[in-house]
Amino acid sequence: MNKEAAVLFSYNNGLLSRLIRWVSRERFSHVAILIDNSIVLDARFPGGVKQRYLNYKPQEILWMELDMDKAKSCIGSKYDLKKFFWYAFRVGKPWNTPTQFLCSEVIAYASGDPNMYDMTPDEIYYYELSKTKGENAY
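Definitions and limits used
Residue positions are given per chain, counting from 1 as you read along its sequence in written order. For a predicted model such as this one, the threshold for reporting local features is a pLDDT of at least 70, and the threshold for listing and counting side-chain atom pairs is 80 or more; totals across whole chains, interfaces and linings nevertheless cover every residue. As a rule here, side-chain values cover all heavy atoms of the structure and leave hydrogens and water aside. Grouping into patches uses exposed residues only, defined as over 30% relative accessible area, and leaves out salt-bridged ones; the cut-off is 9 Å for like charges and 5 Å for nonpolar side chains (Val, Leu, Ile, Met, Phe, Trp, Tyr). Here, Shrake-Rupley sampling with a 1.4 Å probe gives the accessible areas, and only protein chains in the shown set may cover a residue. Salt bridge, as used here, is a side-chain nitrogen of Lys or Arg placed within 4 Å of a carboxyl oxygen of Asp or Glu. Only DSSP runs of H or I reaching four residues or more are called helices, and only runs of E reaching two or more are called strands; each is numbered from the N terminus. Here, any two strands with at least 2 DSSP bridges between them count as paired. For every element, the axis is a line fit to its C-alpha atoms; helices are fit only across the contacting stretch, and the angle between N-to-C directions ranges from 0 to 180 degrees. By definition, residues are in contact when any of their heavy atoms lie within 4.5 Å. Accessibility here uses a 1.4 Å probe with only protein chains present; expressed as a share of the type maximum, an area under 20% marks a residue as buried, one over 50% as exposed, and anything in between as partly exposed. Between rings of Phe, Tyr and Trp, where Trp is taken as its six-membered ring, a pair exists when centres lie within 6.5 Å; planes separated by under 30 degrees are stacked, by over 60 edge-to-face, and by other angles tilted. We call a charge positioned above a ring when the Lys NZ or Arg CZ atom is no farther than 6 Å from the ring centre and deviates by at most 35 degrees from the ring normal. By definition, the arc is the one covered by directions from the helix axis to the C-beta atoms.

Caption draft 1: Examining a nonpolar patch on the surface more closely. There is a patch of nonpolar side chains on the surface, built from L16, L19, W22, F45, L81, F85, F89, V91 and W95 and spanning about 930 Å² of accessible area. For the nonpolar patch, the elements supplying multiple residues, two or more each, are α1 (15-24) and α3 (81-89). By the element assignment, L19 lies in helix α1.

Caption draft 2: Region of the structure containing the sheet that holds strand β3 (residues 39-44). In space, the five strands of this open sheet follow the order β4-β3-β2-β1-β5, with antiparallel pairing throughout. Strand pairing shows two members of the sheet lacking a second neighbour, β4 (48-53) and β5 (60-67), which therefore form its edges. With strand direction ignored, the average angle separating the axes of adjacent strands in the sheet is 35°. Across the face of the sheet, helix α4 (residues 103-111) comes into contact with β1 (2-10), β2 (30-36), β3, β4 and β5 while running at roughly 55° to β2. Against the sheet, helix α5 (residues 121-132) engages β1, β2 and β5, with an angle of about 80° to β5.

Caption draft 3: Local environment of the environment of K57. Mapped onto the elements, K57 comes out in the loop between β4 and β5. A relative accessible area of 67% places K57 in the exposed class. Separated by 43 residues in sequence, K57 and Q100 place their C-alpha atoms 26 Å apart.

Caption draft 4: Highlighting the packing of aromatic side chains. Inspection of the entire model under this criterion finds nine aromatic pairs. Arranged with centres 5.2 Å apart and planes meeting at 80°, the rings of F84 and F85 form a pair that is edge-to-face. Feature note: the residues F9, F28, Y125 and Y126 constitute an aromatic cluster, connected by ring pairs. The lysine or arginine in question, K70, covers the ring of Y109, its NZ or CZ lying 4.6 Å from the ring centre.

Caption draft 5: Local environment of the pairing of β2. The pairing of β1 with β2 spans four bridges and is classified as antiparallel. Across the sheet, residue F9 finds its bridge partner in β2, namely V31.

Caption draft 6: Structural context of α1. For α1, the full list of buried residues reads S17, I20, R21, V23 and S24. Taken end-on, α1 shows its buried residues confined to a sector of 165°, consistent with a single buried face. The exposed residues of α1 that point more than 90 degrees off its buried face are L15 and W22. Buried-residue contacts for α1 involve α3. Backbone geometry just after α1 places R25 at a positive phi near 60°.

Caption draft 7: Molecular detail of α3. All of the buried residues along α3 are K83, F84, W86 and Y87. Down the axis of α3, the smallest arc covering the buried residues is 160°, so these residues share one side. Across α3 from its buried face, at more than 90 degrees, point the exposed residues K82 and F89. The inward-facing, buried residues of α3 contact α1 and α4. One or two positions beyond α3, positive phi appears at R90, with a value near 45°.

Okay, here's the thing in structure tokens:
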């Protein structure tokens, strides 16, 4: 069942965050779902999809309609390294392992919006903003 959830968009100066932003040429390197004041559900390398303590400062927060049961069904899945490397080249069909997730894939899956599949955190952020402003940028 869909409900509004706080979705946190962030970046930091860590090596992996900088690498992701360099590869994607975008502002955000991470996206997560806020479960409560100190717990997020997200996908990270190497741990995969888990609920974790919020240990970073989100730069932006958007409220999105998400199916939290679908989001939680991702818990325990591995991090999708194939898809991560596809973003570096974006050649051909996305290199994807359907049972593994990047942070942005968890959001896309929980949203049920097929337009979000294969989007980066930045692309999801601007796509959601365009929907709330009545624009159709995608």
